[in-house]
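What the coordinates show
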Amino acid sequence: MTALRLAIGWLAVLAVKTLGPAFGLTPSPLVSALCLALLLAVIVWTAFGVVHEAEALAELLGDLLGTLVLTLSVVIIEVALVAAVMLGAEGAPTLGRDTMFAVQMIVLNGVVGLKLLIGGFRYREQTYNLQGATAYLTVLIPLTVFPLVLPNFTRSTADGTMTVTQAAAFSLMTIVLYGVFLILQTGRHRDHFQQPAGGQGQDLPPSAAAAAIEADHPSHDAAATPRRPHLPLDSGSDSGNGNGGGGGGGRRSRIVVHCVRLLASILVIVLLAKGMAQLLDQVIVALDAPAALGGVLIAAIVFTPEAITALRAANNNELQRAINLCLGAATSTVGLTVPAVLGIGLLTGQPAILGLPPTEMVLLAVTLLMSALTFSGSRTTMLGGATHLVVFFAYLVLIFSP
């Protein structure tokens, strides 16, 4: 399947390179829409390949590093798509803002709401590591508010843009803060982002927590146990090859293979981005659709495979992994997209409008506040999921009826 996926992806890249100049000459909106649908199907299918390879790496490196690889891969794809549209289509100064905002709404409300509903329906309550969720939100709030809200209230510019000094300063600040977070996440505070012992929260000792789960949910004890093993890279054994001391070399070779496939899949999407940008701009103009729809489409394309992975983890009672995927995606999106969008604006001279309109600022404030409340304890329920989904529905309505 991997070979077939890559073969079709690279054939699509060849077709785009050959027929790309004809995209701008397409006279019919229907033809443009059909071409866009085919291209998006290839991109989404290839994105599922990225998720597959990242999950394979998670089996070898452990959940935390595997989740980080997946999150960073997805955000790199998102940045490539945003950059392609910004550079290939004039009059898209708000695309970076719209995409970042769409990611926050889709991930923090849509995906989080669904996973809390699924997990709550099956297990009544789910537990996670409170310190990890708090760390994500601690970084996410300033990283989101500074680029998406603050430009509306500065006096240097009046249209939600930044001056050169502000753009350089905020880009540097974003990179440094996100870099510090990654260092702590993968180093000193690594245990904050792993499922607590016994799958329970920190407000009960492991023995009491296990007893409580057994009493409340005796039929889910097998499903409630996280299934993904944590295999250290430097271990000398390999359960997959049965060679004892030779397992370390076998694991390293498999890591290299999966990394090559991962990079090849990402490269396919990056190369297809320019053709997608041309067709997307034509379809939005032809249909007189809201400009924000482009950002929503990019966010949905990029994060659909990761969202499915998070929902699957919640269904398996691996809530910590689902949180790492969702909050990690929201954090890395801002941490990497803001410097990219501002950098493109500085290099090309194109204006990059980041400040959100008043309606979107209200939705963002409600989302961040609700996220802080939802992840303020060590257990989640269906009520939080239903509330997040209500906000997501309001966001969808306001796209078409602002």
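Residues numbered from 1 in each chain as written. Predicted model: local features only at pLDDT ≥ 70, side-chain atom pairs only at ≥ 80, totals over all residues. Heavy atoms only, no water.

Side note on the overall build of the protein chain
Of the regular secondary structure elements, the protein chain holds 12 helices and two strands. Helices (α) and strands (β) of the protein chain occur, in sequence order from the N terminus, as α-α-α-α-β-α-α-α-α-α-α-α-β-α. In the protein chain, which comprises 402 residues, the proportion classed as buried is 50%. Total accessible area computed for the protein chain in this model is approximately 17400 Å², and 70% of it derives from carbon and sulfur atoms. (Helix = DSSP H or I, 4+ residues; strand = E, 2+ residues; numbered from the N terminus. Buried < 20%, exposed > 50% of the residue type's maximum accessible area, 1.4 Å probe, protein only. Areas by Shrake-Rupley, 256 points an atom, 1.4 Å probe, with all protein chains shown as cover.)

Let's talk about unusual backbone geometry
One non-glycine residue, arginine 124, adopts positive backbone phi at about 65 degrees. Assessed through its relative accessible area of 56%, arginine 124 is described here as exposed. Even without being glycine, asparagine 317 reaches a positive phi, approximately 65 degrees. Its location among the elements puts asparagine 317 in the loop between α9 (292-315) and α10 (319-348). For asparagine 317, a relative accessible area of 13% puts it in the buried group.

With respect to the nonpolar core
Ranked by internal contacts, the top residues of the largest apolar core, which has 105 residues, are Leu272, Met276, Ile298 and Tyr395. Once residues lying within four places of it in the same chain are set aside, the contact partners of methionine 276 are Leu36, Leu39, Leu40, Ile43, Leu81, Val85, Ile298 and Ile301. (Core = buried A, V, L, I, M, F, W, Y, C linked by side-chain atoms within 4.5 Å. Contact = heavy atoms within 4.5 Å.)

Comments concerning the pattern of salt bridges
Summed over the entire model, instances satisfying the criterion amount to two salt bridges. A salt bridge links aspartate 98 to arginine 97; the nearest nitrogen and oxygen atoms lie 3.3 Å apart. Like arginine 97, aspartate 98 is buried. (Salt bridge = Lys/Arg side-chain N within 4 Å of Asp/Glu carboxyl O.)

A word on the packing of helix α4 (residues 95-123) against helix α5 (residues 130-148)
In contact at an axis separation of 11 Å, α4 and α5 are set at 145 degrees when each is read in the N-to-C sense. Considering how the two elements wind past one another, α4 and α5 form a crossing that is left-handed. Contacts between α4 and α5 involve Arg97, Met100, Gln104 and Leu108 from the former and Leu140, Thr144 and Leu148 from the latter. (Axes fitted to C-alpha atoms, helices over the stretch in contact; angles between N-to-C directions. Left-handed = near helix turned anticlockwise from the far one by under 90°.)

Things to note about the packing of aromatic side chains
This model, assessed by the stated rule, comprises eight aromatic pairs. For the pair phenylalanine 101 and tyrosine 395, a centre-to-centre distance of 5.5 Å together with 80 degrees between the ring planes defines the contact as edge-to-face. Of this pair, phenylalanine 101 sits in helix α4 while tyrosine 395 sits in helix α12 (residues 382-400); the two residues are 294 residues apart in sequence, bridging distant segments of the chain. With a centroid separation of 5.7 Å and an interplanar angle of 90 degrees, the aromatic rings of tyrosine 128 and phenylalanine 375 are classed as edge-to-face. Pair noted here: tyrosine 128 is in the loop between β1 (126-127) and α5 and phenylalanine 375 is in the loop between α11 (358-374) and β2 (379-380), with a separation of 247 residues, a long-range link. Using a relative accessible area of 3% as the deciding quantity, one classes phenylalanine 375 as buried. Within the aromatic cluster, the residues linked to one another by ring pairs are Tyr136, Tyr178, Phe181 and Phe193. (Phe/Tyr/Trp six-rings, centres within 6.5 Å; stacked < 30°, edge-to-face > 60°.)

Some details on the packing of α4 against α11
Where α4 meets α11, the closest approach of the two axes is 11 Å, and the angle between their N-to-C directions is 40 degrees. As judged from the angle between their axes, α4 and α11 are oblique. Here the hand of the crossing between α4 and α11 comes out left-handed. Contacts between α4 and α11 involve Phe101, Met105, Leu108, Asn109 and Leu116 on the former and, on the latter, Glu360, Leu363, Leu364, Thr367, Leu368, Ser371 and Thr374. (Parallel < 35°, antiparallel > 145°, perpendicular 65-115°, else oblique.)

Considering α11
Across its 17 residues, α11 extends 24 Å between first and last C-alpha, which sits within 8% of the 24 Å expected from 1.5 Å per residue. Residues Met361, Leu363, Leu364, Thr367, Leu368, Met370, Ser371 and Thr374 constitute the buried set of α11. (Expected span 1.5 Å × (residues − 1).)

Notes on the side chain of glutamate 53
Summarising the element assignment, glutamate 53 is placed in helix α2 (residues 29-61). Here glutamate 53 is buried and forms no salt bridge, its nearest opposite-charge partner arginine 261 lying at an N-O distance of 4.2 Å. Among all residues touching glutamate 53, those that are not within four sequence positions of it are Thr2, His258, Arg261 and Leu262. (Lys, Arg positive; Asp, Glu negative; His and termini not counted.)

Re the confidence of the model for the protein chain
A low pLDDT means the predicted coordinates there should not be read in detail. Mean pLDDT over the protein chain: 80, with 84% of residues reaching 70 or higher. Between the elements of the protein chain, mean pLDDT differs from a low of 42, seen in helix α7 (residues 206-216), to a high of 95, seen in α11. Every residue in residues 200-246 is under pLDDT 50, and counting partners more than four places away or in other chains gives 74 contacts. (pLDDT = per-residue confidence, 0-100.)

Here we look at the environment of valine 149
As for its placement among the helices and strands, valine 149 is situated in the loop between α5 and α6 (164-186). Contacts of valine 149, omitting those with residues within four sequence positions, involve Thr144, Met361 and Leu364.

Thoughts on α4
In this model, α4 (29 residues) spans 39 Å end to end at C-alpha, consistent with the 42 Å of a helix rising 1.5 Å per residue. Its maximal kink placed at valine 112, α4 deviates by approximately 25 degrees. Of all the 29 residues making up α4, 24 are buried; the element is thus mostly covered by neighbouring parts of the structure. Just past α4, the residue arginine 124 takes up positive phi, approximately 65 degrees. (Bend = angle between axes of the 7 residues up to and from the residue.)

Some thoughts on the side chain of serine 171
Mapped onto the elements, serine 171 comes out in helix α6. In this structure, serine 171 is in contact with Val338, Pro339 and Leu342, ignoring residues within four places of it in sequence.

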